[in-house]
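Geometric and topological summary
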Amino acid sequence: MWRLIKTWSGTPYFSSTSKSCNCRGTTSKSSNGSPVVAVAGKNNKRVNKAATTSLLYDIAKEIAAQASMSTDSEVRSKVDPKSVACMILGGEAGSRLFPLTKRRAKSAVPMGGAYRLIDIQMSNCINSGINKVYVLTQFNSASLNRHISRTYNSVTCRDGFVEVLAATQTLGDKRWFMGTADAVRRFSWIFDNVRSEAVEHVLVLSGDHLYRMNYMDLVQNHHTSGADITVSCVPLSMDDSSCQVSAGGLLRLDHKGRVLSIHDKAMAGNGYGLSMLLESAAAAGSGISQVPEGAAKNSPFVASMGLYVFKKDVLIKLLKWFYPNSNDFASEIIPAAAKDFYVQAYLFNNYWQDVGTIESYFEANLALTDQQPKFEFYDVSNPIYTSPRYLPPTTVEHCRIVDSIVSHGCFLRSCSVQHSIIGIRSRIESGVQLNDVVMIGADDYETEEERRRLLALGKVPMGVGENSKIKRCIIDKNARIGKNVILTNTDGVREAEQPSDGIYIRSGIIVVSENALIKDGMVI
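Keep in mind it's a predicted model, so treat the numbers as computed, not measured.

Some words on the overall build of the protein
The helix and strand inventory of the protein stands at 11 helices and 33 strands. Carbon and sulfur atoms provide 49% of the accessible area of the protein, an area that totals close to 21700 Å².

In structure tokens:
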């Protein structure tokens, strides 16, 4: 199956073609006696208690009623995208994605054959009309900086910009970023800049999530509610007990959707607060939008996405005056602010996936090859942009390709590719069998003459050599895999590594690291 995918340059190329948790909960009451609901963060465990769907449906109706009963001034005050600045946290080390983050920042990790994770947040900003964007970087930022400068600096409007803010040491402060909040605090001076005079709201995003959102819906909801801070949440269906959720912690809401308290993921790990989980009405469409009748019966749970909107002055007060020694938003700033400020939940009901681990990254990539994927990079009204590469069409000779995505500039000869992602400039030789493989591709081409010379010298050219068999594997950029190699992990090893050969196993998934050399005949 082939699909037409749109790149940032507007040049089309052809391409073929989450985990939820099974939980239940109970109700509790706030100090004033009103019912509350707990919202799950990361590492949820199964909770076998009855839940009350009607309460959450009432919450949904209350939130919708609040929106419809807005004052004339609130209705009149539609938020201008020019009053919003976005800060994308792209500087995390990404240790859970190692070895994919060995030489690159987490936000620069390739995704879907032709994109990078940072493209998701950048494209959402562009499609939402937000053109004041800061990207905060720290670890292995060279490739991320290069990608941003090549892709986005030329697309902003006259009054907009995309600016990289790299971690720096000063004479007064020799430390690097100590956390997400500390990173924003170090650059809070930018809001005194003349370019930020019109900014009223600050959107803070993580750089390792896969979703498509109109951020202005979130900001408008934040403005209409009068909240100081709004935390975006995502519902989780109850079909799967092993859910991948962001590290936002547990949120307790009152019946109007206001956040009463937040408990970090460490407390969630020992079961605290999980018993308070309630079946959530699928009011989660947008937090204030219309809720279909009977949607509450589907009973999804909701979890923090690690995505926040602040009033600009509130953000500065929090970072500089109220909590100057707190370094993280999710575990420190937001839980503390819930006690003293108006923190509201915004419920997002579309596809969202945290891809911060090897397993979640692998599964999210392969999910793109489904016949009806929950997420697609191509959307005529809200495309995901990336760097224009001007590569030739892919060449396919006598191949069998099933339920896969093949990016542009590839060469496939007499091979079998099933349920896999084939990245840009990939080369797959005859007799190769790929099954459940994420192949990221290559930065450059080797000419036919160079490849013949390498083979004559007994060396391995880039790509996958003849008659190799690979299953459940991630192949990073510029990897060289020889002939008759077998990478299938038939022993079912969960965790292992062989750094000298560039081979790692994470959660049972084989990872061939960037620039790795796998010699002819190797078996794993």
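Concerning the packing of aromatic side chains
For the coordinates displayed, the defined rule picks out 14 aromatic pairs. An angle of 40° between the planes, with centres 5.4 Å apart, marks the rings of F310 and F329 as tilted. Of the two residues, F310 sits in strand β15 (residues 301–311) while F329 sits in helix α9 (residues 329–340), which places them 19 residues apart along the sequence. Of the residues examined, F310 reaches a relative accessible area of 0% and is grouped as buried. On the basis of relative accessibility, which here comes to 1%, the residue F329 falls in the buried class. On the numbers, 5.1 Å between centres and 70° between planes, the contact of F322 with F341 is edge-to-face. Here F322 is found in helix α8 (residues 312–322), whereas its partner F341 is found in the loop between α9 and β16 (343–347), with 19 residues between them in sequence. An aromatic cluster is defined as three or more aromatic residues linked by ring pairs; in this entry it consists of Y115, Y351, F375 and F377.

Some points on helix α10 (residues 358–367)
Judged by how many residues are buried, α10 sits mostly within the fold: seven of 10 residues are covered. Of all the positions in α10, only I358, S360, Y361, F362, A364, N365 and L366 are classed as buried.

Notes on the nonpolar core
L203, Y211, Y361 and I474 are the most contacted members of the largest nonpolar core, which has 63 residues in total. Looking at this core element by element, the count peaks at five residues for α10.

As for the packing of α8 against α9
Running from N to C, α8 and α9 point in directions that differ by 110°, and their axes come no closer than 12 Å. Our classification of the angle between α8 and α9 gives roughly perpendicular. Judged by residue contacts, L315, L318 and L319 of α8 engage F329, I333 and A337 from α9. Among the residues forming the contact of α8 with α9, the class breakdown is six nonpolar, no polar and no charged.

Some remarks on the confidence of the model for the protein
Taken over all residues, the pLDDT of the protein has a mean of 79, while the share at 70 or more is 73%. Contacts for the low-pLDDT stretch residues 238–246, under 50 throughout, to residues beyond four places or in other chains number 49 contacts.

What to know about the environment of R186
Relative to the helices and strands, R186 resides in helix α5 (residues 180–186). For R186, a relative accessible area of 18% puts it in the buried group. Separated by 10 residues in sequence, R186 and W176 place their C-alpha atoms 9.6 Å apart. With sequence-adjacent residues up to four places away left out, R186 is seen in contact with T168, D173, R175, W176, F177 and M178.

Some thoughts on the pairing of strand β25 (residues 433–439)
Taken across its seven residues, β25 has five buried, putting it largely inside the fold. Relative to β25, strand β22 (residues 416–418) is paired through three bridges, and the arrangement is parallel. Paired with V417 across the bridge in β25 is L434. Of the pairings in the sheet, the one linking strand β23 (residues 421–422) to β25 comprises two bridges and is parallel in character. Bridged to I422 within β25 is M439. As defined by bridge partners, β25 adjoins strand β27 (residues 469–475) across six bridges and the pair is classed as parallel. Within β27, the residue paired with V438 across the bridge is I474.

Cut-offs applied
- Residues numbered from 1 in each chain as written.
- Predicted model: local features only at pLDDT ≥ 70, side-chain atom pairs only at ≥ 80, totals over all residues.
- Heavy atoms only, no water.
- Helix = DSSP H or I, 4+ residues; strand = E, 2+ residues; numbered from the N terminus.
- Areas by Shrake-Rupley, 256 points an atom, 1.4 Å probe, with all protein chains shown as cover.
- Phe/Tyr/Trp six-rings, centres within 6.5 Å; stacked < 30°, edge-to-face > 60°.
- Buried < 20%, exposed > 50% of the residue type's maximum accessible area, 1.4 Å probe, protein only.
- Core = buried A, V, L, I, M, F, W, Y, C linked by side-chain atoms within 4.5 Å.
- Axes fitted to C-alpha atoms, helices over the stretch in contact; angles between N-to-C directions.
- Parallel < 35°, antiparallel > 145°, perpendicular 65-115°, else oblique.
- Contact = heavy atoms within 4.5 Å.
- Nonpolar A, V, L, I, M, F, W, Y, C, P; charged D, E, K, R; others polar.
- pLDDT = per-residue confidence, 0-100.
- Pairing = 2+ DSSP bridges.

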